[in-house]
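Here's the letter readout for the chains.
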2 protein chains.
Amino acid sequence: MDQSSPRNTSVTVADVAHKAGVSKATAARALGGYGTVSDRVREAVTAAARELDYRPNELARSMTTGRSGTIGVVVGDIENPFFSLAVRGITDVARQAGFTVILINSGEDFVAERAAIGTLLAKRVDGLIVSPAKENDVEHLHEAVRSGLPLALLDRGSDTLDVDTVIADDRHAAENITRRLIALGHSRIAYLTACDTPDHRFRTAKDIGTGSVRRRIEGFLGVCREAGMIGTEDWVHVGAITPEHTQRIVTEMLQSAQPPTAIIASDSIIGLEVFKVHRRLGLSIPDDLSLVSFHDADWTSVTTPPVTVVRQPVYDLGATAAKLLVERLNGEAQTPRKVVLKNEIVERASTREARF
Amino acid sequence: MDQSSPRNTSVTVADVAHKAGVSKATAARALGGYGTVSDRVREAVTAAARELDYRPNELARSMTTGRSGTIGVVVGDIENPFFSLAVRGITDVARQAGFTVILINSGEDFVAERAAIGTLLAKRVDGLIVSPAKENDVEHLHEAVRSGLPLALLDRGSDTLDVDTVIADDRHAAENITRRLIALGHSRIAYLTACDTPDHRFRTAKDIGTGSVRRRIEGFLGVCREAGMIGTEDWVHVGAITPEHTQRIVTEMLQSAQPPTAIIASDSIIGLEVFKVHRRLGLSIPDDLSLVSFHDADWTSVTTPPVTVVRQPVYDLGATAAKLLVERLNGEAQTPRKVVLKNEIVERASTREARF
DNA sequence: AACGTCAAAGAGACCGGTCTCATCTCGACT
DNA sequence: AGTCGAGATGAGACCGGTCTCTTTGACGTT
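Summarised in this report is the structure supplied together with it. (Residues numbered from 1 in each chain as written. Chains lettered and ligands numbered in written order. Predicted model: local features only at pLDDT ≥ 70, side-chain atom pairs only at ≥ 80, totals over all residues. Heavy atoms only, no water.)

## Topic: the overall build of chain A
Helix and strand counts for chain A stand at 12 helices and 12 strands. A compact globule built from 356 residues should have a C-alpha radius of gyration of about 21 Å, whereas chain A, at 26 Å, is more than 25% larger. The C-alpha extent of chain A, read off along each of the three principal axes, is 90 × 45 × 30 Å. Per-residue burial for chain A yields a buried fraction of 54% across its 356 residues. Here chain A contributes 42 positive and 46 negative side-chain charges, whose respective centroids are spaced 4 Å apart. (Helix = DSSP H or I, 4+ residues; strand = E, 2+ residues; numbered from the N terminus. Rg over C-alpha atoms; globule rule 2.2 N^0.38 Å. Buried < 20%, exposed > 50% of the residue type's maximum accessible area, 1.4 Å probe, protein only. Lys, Arg positive; Asp, Glu negative; His and termini not counted. Charge placed at Lys NZ, Arg CZ, Asp CG, Glu CD.)

Okay, here's the thing in structure tokens:
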């Protein structure tokens with residue numbers, strides 16, 4: 001069955017049609033399963049196709065149909081367990097619906113994200129799932145929407161973008177977790193995020209471009225204010241963009257005159273570094289320091305002590321975003337939907353009464 | 001700048017040409033940067049393009065050039081930290097070289113993998129990076145190669161496929177780690193892998209389809225044999241395909257009359273479950289049980305005790321595969337290259353002398 | 001027998017780019 | 001001045017599908 005090995009130039013409908021002794025149009029009908037074709041001809045064509053090992057050229061098909069069968073996905077960093085799990089959710093749903101996924105990492109960089117959108121637009125993806133790095137700078141997304149491209153936002157919304165959005169109730173989770181820490185007597189609670197500001201200092205939540213994180217910080221600050229705490233803004237640390245940055249920030253923080261008694265890590269990568277640093281400094285969790293991390297990463301349950309986390313429905317976040325998008329692509333959706341999935345707080349042994 | 005908002009039908013070169021008052025061919029030349037165009041015309045065309053917000057249709061371009069600018073990547077499971085890191089390596093290199101990545105999970109299922117290759121072939125990807133589930137069943141890959149599609153193999157090779165291949169020296173790592181365990185006095189060493197056999201029992205390494213794992217097991221068995229151990233085959237356990245499976249297997253193993261004194265986990269997901277089970281059973285690592293895991297996942301360094309691992313150059317595995325593929329796509333490569341990257345054994349506190 | 005209907009098949013335009021080939025213009029060289 | 005060559009542009013084929021429009025012919029009806 002390898003006689004035709006040297007064939008490198010691809011087989012087209014015209015070839016199949018010729019071999020089957022019918023016109024190109026008829027062969028296309030038989031192969032494409034549209035129009036009317038007699039059984040006899042259909043068999044002849046499929047036989048010819050099989051013999052020639054014909055494979056339809058999706059590109060050419062996309063050309064005329066205007067549908068490429070692909071979804072563009074732009075996430076911060078596929079290496080981050082949060083995103084890899086979300087992408088798993090997306091790809092599972094997409095494949096089920098007959099779509100393939102083009103994946104691009106933005107590195108949480110606005111410029112890279114814009115370029116990614118441009119690339120995907122040029123590739124004529126049927127739809128877009130984006131986790132925008134900055135909720136304010138979404139002009140490139142507006143543009144995509146304007147050109148008629150269905151868009152779904154993942155984990156981060158945007159007030160100015162009226163499109164399908166799937167987020168978790170991060171504000172609520174942050175409020176809850178902060179309340180618990182305060183109830184445990186903590187008054188020096190630090191919040192640590194990878195999001196950065198131009199001068200690497202935090203002043204107001206408005207400066208935080210990443211929506212999910214902004215909402216968490218707002219929740220955190222709100223509860224602190226409610227509890228009568230002041231100057232909480234100074235306990236928010238930004239710019240933990242690499243493990244090295246995080247280690248430096250955490251080390252300084254813990255060695256200062258007024259070290260925090262509790263730390264909330266905005267993602268599991270940061271949480272992991274906090275855990276490593278506390279060890280290196282010879283501190284004890286939860287005796288000297290309480291730790292809460294966003295994202296129930298695998299490591300959080302096997303440390304000593306295991307870490308209290310906000311368990312986000314990450315897989316569902318991705319799967320739901322894909323589901324909304326696919327429905328829209330199939331014309332089943334009308335007005336944009338905003339889905340908010342529930343977080344769950346998993347209280348483990350890394351949180352305890354503040355001692356002081 | 002939004003006057004042209006209602007434009008949903010896309011702008012083509014013909015539109016730009018018309019607006020600039022030149023022929024389609026000339027406009028295409030100016031926009032595509034090929035052929036010769038006078039400065040005056042070039043400016044007129046680019047101005048018209050900007051004004052109409054022209055975006056080239058990559059699909060149409062691919063149609064004639066025969067290059068789609070995409071690389072198809074098929075991995076077992078993007079949720080697995082091993083693959084997400086490798087994919088990060090791939091996407092970084094691919095983007096650098098101007099390629100985008102279509103990602104498909106095979107779930108380590110041969111049928112799904114074959115379907116994935118078919119899809120990618122239809123989408124006319126320029127090249128393929130695959131981590132084949134089974135090194136024997138590669139007919140679908142042969143077919144891809146036969147049709148002239150450049151292919152690079154990731155983490156798993158195949159003797160019958162003479163293509164660019166990037167693997168780590170897993171056999172060597174397995175030999176080393178086994179030797180160390182034996183030197184520590186272990187004689188009941190279990191090896192645990194997700195790869196499965198039809199009857200879920202292990203007999204010979206030949207039954208293991210996943211090349212990297214087969215080489216590890218061969219290394220493991222070889223060293224055991226060298227050391228005069230017999231019946232080692234019975235200590236190899238297959239089918240740890242989900243956390244639940246793994247927990248069941250490990251629990252049974254540890255509660256049997258002859259429990260292992262050391263376990264080698266074939267990947268970090270399995271290693272994690274072993275760690276969880278030993279805890280649940282109230283055992284102590286390394287007092288009751290030594291543990292070694294393949295893949296230096298983030299959690300392995302923060303457990304108590306931290307886990308001895310085989311640190312695989314995962315990012316480089318992906319990056320190198322992409323590099324080889326890109327070079328081939330650029331016509332710089334001649335004969336297929338087989339790259340073997342070095343593993344490193346990171347000895348931590350989870351391994352100790354067998355007691356008794 | 002004449003006509004209408006409808007399934008089946010063919011011819012060819014089209015999608016939006018690239019690219020070959022022909023034409024035209026203009027400066028340089030003999 | 002006439003010829004040559006290179007640069008600039010236009011016309012149109014082409015990639016491999018889809019899809020519309022037209023033609024053909026078998027069958028049923030009155």
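## What about the nonpolar core?
Membership of the largest hydrophobic core comes to 55 residues, with the highest contact counts inside it found for A:Ile71, A:Ile129, B:Ile71 and B:Ile129. Residues within four places of B:Ile71 in sequence aside, it is in contact with B:Ala94, B:Phe99, B:Thr100, B:Val101, B:Ile102, B:Val125, B:Gly127, B:Ile129, B:Leu325, B:Val326 and B:Leu329. One finds A:Leu192, A:Val309, B:Ile249 and B:Val302 within the second-largest nonpolar core, a separate group that totals 48 residues. (Core = buried A, V, L, I, M, F, W, Y, C linked by side-chain atoms within 4.5 Å. Contact = heavy atoms within 4.5 Å.)

## What about the protein's contact with DNA strand D?
Not every one of the 28 residues close to DNA strand D is listed here, only the nearest: A:Thr64, B:Ser23, B:Thr26, B:Ser38 and B:Val41. Counted by atom, the contact set of DNA strand D within 4 Å of the protein is 56% sugar and phosphate. Residue A:Arg61 places a side-chain N or O atom 2.9 Å away from a phosphate oxygen belonging to DNA strand D. For DNA strand D, a phosphate oxygen lies 2.8 Å from a polar atom in the backbone of B:Ser38. Breaking the surface near DNA strand D down by element, the ones donating at least two residues are α2 (24–32) and α4 (58–65) of chain A together with α2 (24–32) and α4 (58–65) of chain B. (Near = heavy atom within 4 Å. Polar contact = N/O pair within 3.5 Å; in protein donor to acceptor, adjacent residues only side chain to side chain.)

## Concerning α4(B)
Residues and elements named next belong to chain B. Inspection of α4 places Glu58, Leu59 and Ser62 among the buried residues, and these make up the whole buried set. Projected down its long axis, α4 carries its buried residues within an arc of 100°, all on one side. The N-cap of α4, judged by a side-chain oxygen 2.8 Å from the amide nitrogen of Leu59 a few residues on, is Asn57. Following α4 by one or two positions, Gly66 adopts a phi angle in the positive range, close to 80°. (Arc of directions from axis to C-beta.)

## Quick word on the relation of the copies chain B and chain A
Least-squares fitting of chain B to chain A yields an RMSD of 0.1 Å, with the transformation described by 0.1 Å of translation along the axis and a rotation of 180°. On the angle and the small slide along the axis, the relation comes out as a two-fold axis. Counting the interface residues of chain B, we find that 100% of their copies in chain A are interface residues as well, pointing to one common contact surface. (Least-squares fit on C-alpha atoms with pLDDT ≥ 70 in both.)

## With respect to the packing of helix α6 (residues 110–122) of chain B against helix α7 (residues 139–146) of chain B
Residue and element names in this part refer to chain B. It is at 9 Å that the axes of α6 and α7 come closest, and there the two elements cross at 15°. It follows from the interaxial angle that α6 and α7 lie roughly parallel. Seen from above, α6 lies across α7 with left-handed handedness. In this structure, α6 contributes Phe110, Glu113, Arg114, Ile117 and Leu121 to the contact, and α7 contributes His140, Leu141 and Ala144. Considering only residue class, the contact of α6 with α7 consists of 5 nonpolar, 1 polar and 2 charged. (Axes fitted to C-alpha atoms, helices over the stretch in contact; angles between N-to-C directions. Parallel < 35°, antiparallel > 145°, perpendicular 65-115°, else oblique. Left-handed = near helix turned anticlockwise from the far one by under 90°. Nonpolar A, V, L, I, M, F, W, Y, C, P; charged D, E, K, R; others polar.)

## Section: the state of the cysteines
Residues and elements named next belong to chain A. Applying the stated rule across the entire model yields 0 disulfides over all chains. With no disulfide of its own, Cys224 has Cys195 as its nearest cysteine by sulfur position, at a separation of 18 Å. A relative accessible area of 0% means that Cys224 is categorised as buried. (Disulfide = S-S within 2.5 Å.)

## Examining the interface of chain B and chain A
The interface is formed by 52 residues belonging to chain B together with 52 residues belonging to chain A. In total, chain B and chain A occlude about 4700 Å² of area from one another, counting both sides; carbon and sulfur atoms represent 55% of this. Counting across the interface, chain B meets chain A through 4 salt bridges. Along the contact surface separating chain B from chain A lie 18 residue pairs in polar contact (both at pLDDT 80 or more). Secondary-structure elements contributing two or more residues to the side of chain B that touches chain A are α4, α5 (81–96), β2 (100–105), α6, α7 and α11 (268–280) of chain B. Among the residues making up the side of chain B that touches chain A, the classes are represented as 18 nonpolar, 18 polar and 16 charged. Sheet analysis places strand β2 (residues 100–105) of chain A next to β2(B), joined by 3 bridges and oriented antiparallel. By the bridge assignment for β2(B), A:Leu103 is matched with B:Val101. (Buried area = accessible area lost by both parts, 1.4 Å probe. Salt bridge = Lys/Arg side-chain N within 4 Å of Asp/Glu carboxyl O. Pairing = 2+ DSSP bridges.)

## Side note on the packing of helix α1 (residues 13–20) of chain B against α2(B)
Residue and element names in this part refer to chain B. Running from N to C, α1 and α2 point in directions that differ by 105°, and their axes come no closer than 8 Å. In terms of orientation, α1 and α2 fall into the roughly perpendicular class. On α2, the residues that touch Val13, Ala14, Val16 and Ala17 of α1 are Lys24, Ala27, Ala28 and Leu31. Its residues placed into classes, the contact of α1 with α2 shows 7 nonpolar, no polar and 1 charged.

## With respect to the protein's contact with DNA strand C
Near DNA strand C there are 29 residues, and of these A:Ser23, A:Thr26, A:Ser38, A:Val41 and B:Thr64 occur at the shortest range. Each atom of DNA strand C within 4 Å of the protein belongs either to a base or to sugar and phosphate, the latter forming 57%. Between A:Thr26 and DNA strand C, the recorded distance is 2.6 Å, taken from a side-chain N or O atom to a phosphate oxygen. A distance of 2.9 Å separates a phosphate oxygen of DNA strand C from a polar side-chain atom of B:Arg61. Elements supplying a minimum of two residues to the surface near DNA strand C: α2 and α4 of chain A together with α2 and α4 of chain B. With 5 residues, α4(B) is the largest single contributor of residues to the surface near DNA strand C. Looking at the surface near DNA strand C residue by residue, the class counts come to 13 nonpolar, 10 polar and 6 charged.

## Regarding the sheet that holds strand β6 (residues 189–192) of chain B
All names here are of chain B. One open sheet holds the 6 strands; their spatial order is β7-β6-β8-β9-β10-β12, and the pairing between them is mixed. Every interior strand has two partners, whereas the edge strands, β7 (236–237) and β12 (344–346), have only one. Lying on the sheet, helix α10 (residues 243–255) is in contact with β6, β7 and β8 (262–265); it crosses β6 at an angle near 170°.

## Quick notes on the environment of B:Arg248
Among the structural elements, B:Arg248 can be located in helix α10. A C-alpha to C-alpha distance of 9.0 Å links B:Arg248 and B:Val277, two positions 29 residues apart in sequence.

## A short note on the packing of aromatic side chains
All names here are of chain B. A complete count under the given rule lists 6 aromatic pairs over all chains for this structure. Each ring, one from Phe82 and one from Phe83, has its centre 5.3 Å from the other, and the planes form 85°; the classification is edge-to-face. Comparing Phe82 with Phe83, the two get one shared label, buried. With centroids separated by 5.8 Å and ring planes inclined at 40°, the aromatic side chains of Tyr191 and Phe220 adopt a geometry described as tilted. Residue Tyr191 is found in strand β6, and its partner Phe220 is found in helix α9 (residues 211–226); the two are separated by 29 residues along the sequence. (Phe/Tyr/Trp six-rings, centres within 6.5 Å; stacked < 30°, edge-to-face > 60°.)

## Digging into the sheet that holds strand β1 (residues 70–75) of chain B
Pairing is mixed across the open sheet formed by 12 strands, whose spatial order is β11(A)-β5(A)-β4(A)-β3(A)-β1(A)-β2(A)-β2(B)-β1(B)-β3(B)-β4(B)-β5(B)-β11(B). Edge positions in the sheet fall to β11 (338–341) of chain A together with β11 (338–341) of chain B, since each of these pairs with one other strand and no more. Averaged over all adjacent pairs, the angle separating strand axes in this sheet is 20°, with direction ignored. Two elements, strand β3 (residues 127–130) of chain A and strand β4 (residues 151–154) of chain A, share 3 bridges in a ladder whose sense is parallel. Residue pairing in the sheet places A:Val130 in a bridge with A:Leu153 of β4(A). The sheet contacts of helix α12 (residues 314–329) of chain A involve β1 (70–75), β3, β4, β5 (164–168) and β11 of chain A, and relative to β5(A) the element is tilted by about 170°.

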